[in-house]
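Topology and contacts: notes
Listed here are the chains, written in short residue letters.
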Amino acid sequence: MNYSLNELSIPVSQFSKDTTLFTIHFSLLTFNLMSIDEHYMRRCLQLARNGFQHARPNPMVGAVVVCGERIIGEGYHVRCGEGHAEVNALASVRPSDEHLLPESTIYVSLEPCAHYGKTPPCARLIVEKRLRRCVVGCIDPFSKVQGRGIAILREAGIDVTVGVLEQECLDLNKHFMTYHRFHRPFITLKWAETSDGFIGYADQCPGHRLTISNSLTRMVCHQRRTEHDAILVGRHTVMTDHPRLDVRHWHGDAPLRVVLAHNEVDSYPALYFSSVEEAVRGLYDRGVQSLLVEGGRQTLQSFIDRGLWDEAFVETGPSVAGEGVCSPVLNEHELVGTTFYGSNRMAWIKHR
Ligand SMILES: NC(=O)c1ccc[n+]([C@@H]2O[C@H](COP(=O)([O-])OP(=O)(O)OC[C@H]3O[C@@H](n4cnc5c(N)ncnc54)[C@H](OP(=O)(O)O)[C@@H]3O)[C@@H](O)[C@H]2O)c1
């Protein structure tokens, strides 16, 4: 970070006699400033999460305006098509505090936008309001922004710091980031397996279902469905389980129903694709930022073998099947965490 001691109102003479002392003090100051920036960026992240339900397909973004040690304004992107976080944060500044803006810092979890979309560019608004400094969590990968917002601010002489809590800011909008950076939806795999590693019975007899999930994990799975734009299964799963793929055990919108099959299944309305590649491309073209793949084995393994997955949630129940359809096998991966719901274990796994 670029702070001069003068800027911090600390007399340089205080340190100049002893360089060791100077170094220690300066390191502590830098550390302190970093933690101050992180402190306010954490508040941005906290605010941003409030946009979870309605910001989609826009990213969740939070902003905080700080003068000295006082927050004089804050806001988040509530709903797609409405004001961005910076607009809402600046609008929340009381008229009696407006004169403080030229001495204030605006913290924002995502780079301010540079383009005219449904709202005017936020970077221009920050320039108009003459803020002194802007601290940005991460760059916006959207093709119309990609660093242009930061360039507008810097050209106007605003001191810009980029990358505070960067990974957390990227993770908050992982679906949006993957969609714009890699031109495909973020792909989450999900399955439930018995303690001896089976996900279904082999006989494929309709209605003959292996029960693994419990009432708690059903709620968690349905909550996860609301977090995704689309949900996909293979043709055999449709034939054997006729899954509704809706949201019954949680509150929220059901994702778009997608089936991987060479032929459509009668009386099962869905979007059909005949290959993984076609599905991924077709969903990207439709603006689908996140895809939940819920099985069966062949379908899940097809995504895994192509390296087309980002995260997996694997539920293991206490039941034993003895034989049947084996669980998929993950390639390069790391376990992020494990949660127990009654006697069922849910592993959260990331693709490396
Ligand atoms: N426990 C769980 O979490 C869970 C979840 C879902 C399902 N299941 C169970 O899993 C079993 C079904 O699994 P499964 O492996 O037999 O079948 P599946 O993956 O559900 O369906 C396989 C079919 O999907 C299509 N497909 C899959 N990958 C493809 C690819 N790469 N390209 C083109 N088409 C592709 C093909 O359809 P075409 O035949 O049209 O070519 C294929 O025959 C059932 O027992 C079900 O109950 C368990």
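As a reminder, the structure under discussion sits directly above these lines.
In what follows, the accompanying structure is described. (Residues numbered from 1 in each chain as written. Predicted model: local features only at pLDDT ≥ 70, side-chain atom pairs only at ≥ 80, totals over all residues.)

This part covers the pairing of strand 14 (residues 333-341). Within strand 14, only zero of the nine residues are buried, leaving the element largely exposed. As judged from the eight bridges shared by strand 14 and strand 15 (residues 344-351), these two strands associate in the antiparallel manner. For Glu334, the partnering residue across the bridge sits in strand 15 and is Lys350. Counting the residues in the hairpin turn of strand 14 and strand 15 gives two residues, including Gly342, whose phi is positive at 60 degrees. (Buried ≥ 20, exposed ≤ 12 C-beta atoms within 10 Å, placed from the backbone. Helix = DSSP H or I, 4+ residues; strand = E, 2+ residues; numbered from the N terminus. Pairing = 2+ DSSP bridges.)

Time to look at the sheet that holds strand 3 (residues 105-110). Spatial ordering of the open sheet is given by 2-1-3-4-5, a layout of five strands whose pairing is mixed. With partners counted over all chains shown, the strands left at the sheet margins are strand 2 (70-76) and strand 5 (159-162), one partner each. Looking at each pair of strands side by side, their axes are set apart by 15 degrees on average, direction ignored. As paired elements, strand 3 and strand 4 (residues 133-138) share five bridges and run parallel to each other. Following the sheet pairing, Tyr107 is matched in strand 4 by Val135. (Axes fitted to C-alpha atoms, helices over the stretch in contact; angles between N-to-C directions.)

Okay, helix 11 (residues 297-305) next. Listing the buried residues of helix 11 in full gives Arg297, Thr299, Leu300, Phe303 and Ile304. Two residues or fewer past helix 11, Gly307 is found with a positive phi of approximately 70 degrees.

Counting 46 residues, the largest nonpolar core has Cys44, Ala48, Ala63, Ile106, Tyr107, Val108 and Cys134 as the members making the most contacts within it. Considering every element that reaches this core, the biggest residue donor is helix 2 (residues 19-48), with six residues. With residues up to four places along the chain from it excluded, the contact list for Ile106 reads Ala63, Val65, Glu86, Ala89, Ile126, Leu131 and Cys134. (Core = buried A, V, L, I, M, F, W, Y, C linked by C-beta atoms within 7 Å. Contact = placed C-beta atoms within 7 Å.)

Let's shift gears to the site of the ligand. For the ligand, the set of nearby residues contains 28 residues, the closest of which are Gly200, Gly234, His236, Gly295 and Gly296. Those elements giving two or more residues to the shell around the ligand turn out to be strand 6 (186-193), strand 7 (198-200), strand 8 (230-234), helix 9 (235-241) and helix 11. When residues in the shell around the ligand are grouped by element, the largest group, five residues, is from helix 9. Its residues assigned to classes, the shell around the ligand shows 10 nonpolar, 14 polar and four charged. (Near = placed C-beta within 6 Å. Nonpolar A, V, L, I, M, F, W, Y, C, P; charged D, E, K, R; others polar.)

Moving on, we come to the sheet that holds strand 8. Read from one edge of the open sheet, eight strands run 10-9-8-11-6-12-15-14, paired in mixed fashion. Both outer strands of the open sheet, strand 10 (271-273) and strand 14, are each paired with one neighbouring strand and no more. Averaged over all neighbouring strand pairs, the angle between strand axes comes to 20 degrees, with direction disregarded.

Three or more residues of helix 5 (residues 148-155) are buried, namely Arg148, Gly149, Ile150, Ile152 and Leu153. Positive backbone phi, approximately 85 degrees, marks Gly157, located one or two places after helix 5.

The next thing to look at is unusual backbone geometry. Of the consecutive residues Arg56 and Pro57, the connecting peptide bond is found in the cis state with omega at 0 degrees. With respect to the helices and strands, Pro57 occurs in the loop between helix 2 and strand 1 (62-67). For the bond from Gly295 to Gly296, the omega torsion is -5 degrees, close enough to zero to count as cis. Relative to the helices and strands, Gly296 is located in the loop between strand 11 (290-293) and helix 11. If you check the backbone angles, Leu245 has positive phi at about 55 degrees while not being a glycine. Looking at the element boundaries, Leu245 is found in the loop between helix 9 and strand 9 (256-260). We classify Leu245 as buried; it has 22 C-beta atoms within 10 Å. Even without a glycine there, the phi angle at Ser267 is positive, about 55 degrees. Tracing the sequence through the fold places Ser267 in the loop between strand 9 and strand 10.

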